[in-house]
Amino acid sequence: FGSGDIPMPQDLYNSIKGAGRDMLHVPLCLGAIGIFHSIPAAEVGTDGLKLSPCILAKIFSGQVTTWDDAAIKADNPNLAVPANTRIQVGRRTLGSSSTGGLTGYLTAKCSADWTMVGTGAPMGSSGDITWPTSPAVTTFTAVYGSPGMQDHIAKNKYAIGYLDAGHGHMRSFQEAKLKNEDGLWLTSKTSMATVDANGNNGVAAAGKAAVDASIIPASAKADWSAVNLYSKAGPSTWPIVLISYLYLNNNWTSMSADEAGLLKAFVDYVVTPTQGQSMLKEFSFDPIPTAMNQWTGIYANITKPATVTAFTFETATEAWTGQGLDVISTQRSDYNKWKLEEVSVALVSVTSRLVGLESSLNDYGIVPLHGSGTTNPKTMFAKTMKNMQHEARVPMLLTYRSVGSGTGMVEFVGDAASGFKSYNHFGSGDIPMDKAKYDIMAAKGEKMVHLPFCMGPIGIFHHVPGALLTMDACLLAKIFSGLITTWDHADIKAQNPSLTVPVGQPIKVGHRTLGSSSTGGLAGYLAKTCPASWSFGDCSLCPWPKTAGFTAVQGTPGMQAYIKDTSFSIGYLDAGQGHDFNLREVSIPNKNGKFRTSFQSMALGGVAQAGAEAVTTGTFPTDASADWSAVNVYNMPGDPTWPIVLVSYLYVKKDQTATNPKTAAALKAFILRILNNHVGVVEEFGFTAPPTSVKTQTLAAAATIVYPTGMTSFVEEDETNPIGGMATNVISSKRIAFDDYQRDIMAAQILTLQATVSGLTGNGGITTQVHGSGTTNPKNWFAKAMRFMEDRSRMPMVLTYRAVGSGTGQQ
């Protein structure tokens, strides 16, 4: 037998007849086809999305391509989508009954508009039509099967597609309202839940209407290709209803007695109201109306073998009889069936326990928030998140992966595998979102906002023993591009006449791997100030020379270690990370020609000055959701200004309406804590807070983020609020965790130890060291002499000798 949700097409039916065969249509069940979409609920409005047959025809034929098209807005005046938002159409590949249902409905209801864009040719009604492929129609995506259509709608914002209604309902997709023959707008879910005076829901009512109107052929052997249940009358009747069929041969004489008997038993079972038909609701289908169930008469007219085995069903124990070869017994079981029942029981138990767990969490649940991006603010974020977790009444799980600005961008934008859905709830970077990634989001109808939250200088650090270096931008460009490779080069000596280094001493350049905001800061500065000597452009992942003088390092810790441990090296770091390691810094000029280190400039307010100049000069766009890829604050004017300043941004989706409301509330609270520099975390971790002009503009941008309807925002309790402070949405500074207390004690103890160390250092120092290496012969003599000195000296000292041989000692 065959099976389908549409009748046998006329051409195939005719080919069967032409071969001298008769086929039979045996109706099995009824099902609805629904139209589902992924427009954010806040943009659709409370009335839902209404789509007439002719509008659907224009959408699925490529004639209407944007959600704000006047034809759509006519039935949906409250639809508030961004201008020119493209409709992301999903359409099935291969033959599909759901495609047949949709195309049949559009042909029946609006054939004038169901025509190919560009040619005007009729699109037709079958399960496998030719879809638009014009270059102008770029929003059609071929999907495979119902799972593919579900993924398309779930993973693409502003998508539309068609599904067996039950599949869409199980995924909780938003459904478009269609207008039925009685002029009422309704969804398939509403239709299926509404029962008429005859006891039929909106799907079964379509079947009854077809029977009453004699649409169903009297003979199962007839051509049924024109049979459909589209747009039948009735106040709750759904307009796109399909009949599922078994396709049978009328001649069974080639079958054995057992084959014929088993096929009859199967059909008997699935069409019997108390057996197979009673199972349909579990799978979101409807039984066929009694008048449509003609199996008994159909079977009587089938040409059968001389004998047909009469299989029977044993539903209650029948001794002896139940062991017959032709008995299908409900008393039989197998391990798989038993195991599935055990799994089902366990699932019910787990579900019950989960409900109890959710209840034990004050009916609130764990609140997750996960970000990723630049490494620089990782400790600032960590402290803010930890404080929020400690101070909230509800359980929070807040995390941040410090993986670099480039990776943070990639995970924020998403990829094809995720349907360009974010892998994080927010991203962070020390450079704006690059244009290519911003354009990907724009093409998908996504908007993001840039929220500057701190500023930090990038410093140039070196390990040239005893040297105080000064370099202008062009000299730096030549060194970092590999044009100058030795420390005694004439250009370096010209700017540092007192520099003394070995002849031909190679410069050892450290550079970051992967995408790095500090790389972007250095490259952007050099591209802006000396493009003639810097050929790499404004890059965060630069094409560094593949020579022995260049070494790739992993992250900020890798750069710190490389400069510290490698003599005659040079590299670049977030300035605070270099200062923490007491690395030597290169003095460079600002736009006003003042040579300073970042340490000196910061003391003069030079970093904040760069931000203030960015607002004054209009460098920061007033629209936070615009393309910021060209924004930088390199070489801004001002006497104290530092020339390589990075602005750290939060990357946040402007539309949060589809975010879990609890996560969205946590995101909002986190954003406000960071932007308001809660408890001075910006300065605590060596950054500079944006000046007031930048902060004001950023808070206004944060206020444009659209959160889920009905979201309960977290509020802060700084002053004691009796009763109100115990609400589930309160983050209270009055709560404290033991590890916070212990950390404060440890910090005080460390300060005491530092004072003690300082005193010891002042009394001769504990870091006086002498280390030697060479021939093995005198090792014991040297060891005794060194121990003698260590034991008898008032000054703390460390003396060591490595016995490694004369040659190694010389090297």
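Since the structure is predicted, the reported quantities are computational estimates derived from the model, not experimental observations.

Participant: Summarise the overall build of the protein chain; cite the residues concerned and give the values.
Facilitator: Per the secondary structure count, the protein chain includes 28 helices and 28 strands. Relative to a compact globule of 811 residues, whose C-alpha radius of gyration would be 28 Å, the protein chain shows 37 Å and is clearly more extended. Viewed in the frame of its principal axes, the protein chain has a C-alpha envelope of about 115 × 65 × 65 Å. Among the 811 residues that make up the protein chain, the fraction classed as buried is 47%. Summarising the internal contacts of the protein chain: among those between residues at least 6 apart in sequence, 72% fall at separations of at least 24. Accessible area of the protein chain: about 38,200 Å², with a carbon and sulfur share of 56%. In the protein chain, 61 side chains carry a positive charge and 62 a negative one; their mean positions are 7 Å apart.

Participant: Residue-level account of the state of the cysteines, with values.
Facilitator: Using the criterion set out here, one finds 3 disulfides in the structure. Each bonded cysteine in the protein chain gets a number by its place in the sequence, and the pairs come out as 1-2, 3-4, 5-6.

Participant: Please set out unusual backbone geometry residue by residue, giving values where relevant.
Facilitator: Unlike most non-glycine residues, tyrosine 158 shows phi in positive territory, near 65°. Assignment of secondary structure puts tyrosine 158 in the loop between helix 6 (145-155) and strand 5 (159-164). Non-glycine residue asparagine 582 carries a positive phi angle of around 55°. Relative to the helices and strands, asparagine 582 is located in the loop between helix 20 (575-580) and strand 21 (584-585).

Participant: Tell me about the pairing of strand 14 (residues 367-373), and please be specific about residues and values.
Facilitator: Taking burial as the measure, the 7 residues of strand 14 include 5 buried ones, the bulk of the element. In the sheet, strand 14 pairs with strand 15 (residues 396-402) via 7 bridges, with the strands oriented parallel. Bridge assignment links glycine 373 to a residue of strand 15, and that residue is serine 402. Assessed by its sense of winding, the connection that carries the chain from strand 14 through helix 13 (residues 378-391) to strand 15 is right-handed. Sheet topology note: the strand 14/strand 16 (residues 426-429) ladder contains 3 bridges and is parallel. Paired with serine 372 across the two strands is glycine 427, which belongs to strand 16.

Participant: Account for the nonpolar core, naming residues and giving values.
Facilitator: If you look at the biggest cluster of nonpolar residues, it comprises 68 residues, and the most contacted ones within it are Met471, Ile479, Phe480, Trp487, Trp534, Ile570 and Phe620. Here this core gets 6 residues from one element, more than from any other, and that element is helix 16 (residues 473-480). With residues near it in sequence (within four places) discarded, tryptophan 534 still touches Ala477, Phe480, Ser481, Ala523, Leu526, Ala527, Cys542 and Trp544. Val64, Ile87, Met116 and Val143 belong to the second largest nonpolar core, which has 63 residues in total.

Participant: With reference to specific residues and values, describe the packing of helix 14 (residues 405-413) against helix 15 (residues 435-443).
Facilitator: Across the interface, helix 14 lies against helix 15 with an axial gap of 10 Å and an inter-helix angle of 10°. The angle between helix 14 and helix 15 places the two elements in the roughly parallel class. Contacts from Met409, Val410, Phe412 and Val413 in helix 14 reach Lys437, Ile440 and Met441 in helix 15. Its residues assigned to classes, the contact of helix 14 with helix 15 comprises 6 nonpolar, no polar and 1 charged.

Participant: Could you give me a rundown of helix 25 (residues 692-702), with the residues and numbers involved?
Facilitator: For helix 25, the set of buried residues is Val694, Thr698, Ala701 and Ala702. Here the buried residues of helix 25 occupy an arc of 95° about the axis, which is enough to place them on one side. Facing away from the buried side of helix 25 by over 90 degrees, the exposed positions are Thr692 and Thr696.

Participant: Explain a nonpolar patch on the surface residue by residue, including any values.
Facilitator: Where nonpolar side chains cluster on the molecular surface, the patch consists of Ile736, Phe738 and Tyr741 and spans about 370 Å² of accessible area. Tracing the chain through its elements places isoleucine 736 in the loop between strand 26 (730-732) and helix 26 (738-762). On the basis of relative accessible area, isoleucine 736 is assigned to the exposed category, the value being 61%.

Participant: Can you break down the pattern of salt bridges residue by residue, with the values?
Facilitator: Applying the stated rule across the entire model yields 20 salt bridges. For glutamate 181, the salt bridge goes to lysine 109, with nearest N and O atoms at 2.6 Å. Of the two residues, glutamate 181 is situated in the loop between strand 7 (178-179) and strand 8 (185-186) and lysine 109 in helix 5 (residues 97-110); the sequence distance between them amounts to 72 residues. Take lysine 109: its relative accessible area is 34%, and that puts it in the partly exposed class. In this structure, lysine 594 engages aspartate 639 in a salt bridge whose closest nitrogen and oxygen atoms are separated by 4.0 Å. Residue lysine 594 is found in the loop between strand 22 (588-589) and strand 23 (595-596), and its partner aspartate 639 is found in the loop between helix 22 (606-616) and strand 24 (645-653); the two are separated by 45 residues along the sequence. With relative accessibility at 38%, the residue lysine 594 sits in the partly exposed group. For aspartate 639, a relative accessible area of 35% corresponds to the partly exposed category. When salt bridges with common partners are traced through the structure, they connect Lys157, Glu446, Lys653 and Asp655 into a single cluster.

Participant: Tell me what's going on with the side chain of serine 481, and back it up with residues and numbers.
Facilitator: As for its placement among the helices and strands, serine 481 is situated in the loop between helix 16 and helix 17 (490-495). Overall, the relative accessible area of 12% leaves serine 481 in the buried class. Sequence-distant contacts of serine 481, that is, excluding residues within four places in its chain, are made with Ser533, Trp534, Phe536, Pro545 and Phe550.

Participant: Pulling in residues and values, what's your account of the pairing of strand 2 (residues 23-37)?
Facilitator: Burial runs high along strand 2: 15 of the 15 residues are buried. Taken together, the 9 bridges between strand 2 and strand 10 (residues 240-249) define a ladder with antiparallel strand orientation. Note that in strand 10 the partner of leucine 30 across the bridge is isoleucine 243. Here 2 bridges tie strand 2 to strand 11 (residues 286-287), and the two strands are oriented antiparallel to one another. By the bridge assignment for strand 11, cysteine 29 is matched with proline 287. One ladder, built from 5 bridges, connects strand 2 with strand 5; its direction is antiparallel. The residue of strand 5 that forms the bridge with phenylalanine 36 is glycine 161. The pairing of strand 2 with strand 6 (residues 174-175) spans 2 bridges and is antiparallel. Residue pairing across strands places histidine 37 opposite glutamine 174, the latter belonging to strand 6.

Participant: Residues and numbers for helix 14, please.
Facilitator: Among all positions of helix 14, only Ser405, Gly408, Met409, Glu411, Phe412 and Val413 are buried. Positioned one or two residues after helix 14, glycine 414 has a phi angle of 85°, which is positive.

About the criteria used
Residues numbered from 1 in each chain as written. Predicted model: local features only at pLDDT ≥ 70, side-chain atom pairs only at ≥ 80, totals over all residues. Heavy atoms only, no water. Helix = DSSP H or I, 4+ residues; strand = E, 2+ residues; numbered from the N terminus. Rg over C-alpha atoms; globule rule 2.2 N^0.38 Å. Buried < 20%, exposed > 50% of the residue type's maximum accessible area, 1.4 Å probe, protein only. Contact = heavy atoms within 4.5 Å. Areas by Shrake-Rupley, 256 points an atom, 1.4 Å probe, with all protein chains shown as cover. Lys, Arg positive; Asp, Glu negative; His and termini not counted. Charge placed at Lys NZ, Arg CZ, Asp CG, Glu CD. Disulfide = S-S within 2.5 Å. Pairing = 2+ DSSP bridges. Right-handed = clockwise from strand over helix to strand, strands pointing away. Core = buried A, V, L, I, M, F, W, Y, C linked by side-chain atoms within 4.5 Å. Axes fitted to C-alpha atoms, helices over the stretch in contact; angles between N-to-C directions. Parallel < 35°, antiparallel > 145°, perpendicular 65-115°, else oblique. Nonpolar A, V, L, I, M, F, W, Y, C, P; charged D, E, K, R; others polar. Arc of directions from axis to C-beta. Patch = residues over 30% accessible without salt bridge, like charges linked within 9 Å, V, L, I, M, F, W, Y side chains within 5 Å. Salt bridge = Lys/Arg side-chain N within 4 Å of Asp/Glu carboxyl O.

These results come straight from atomic positions and should not be treated as a statement about function.
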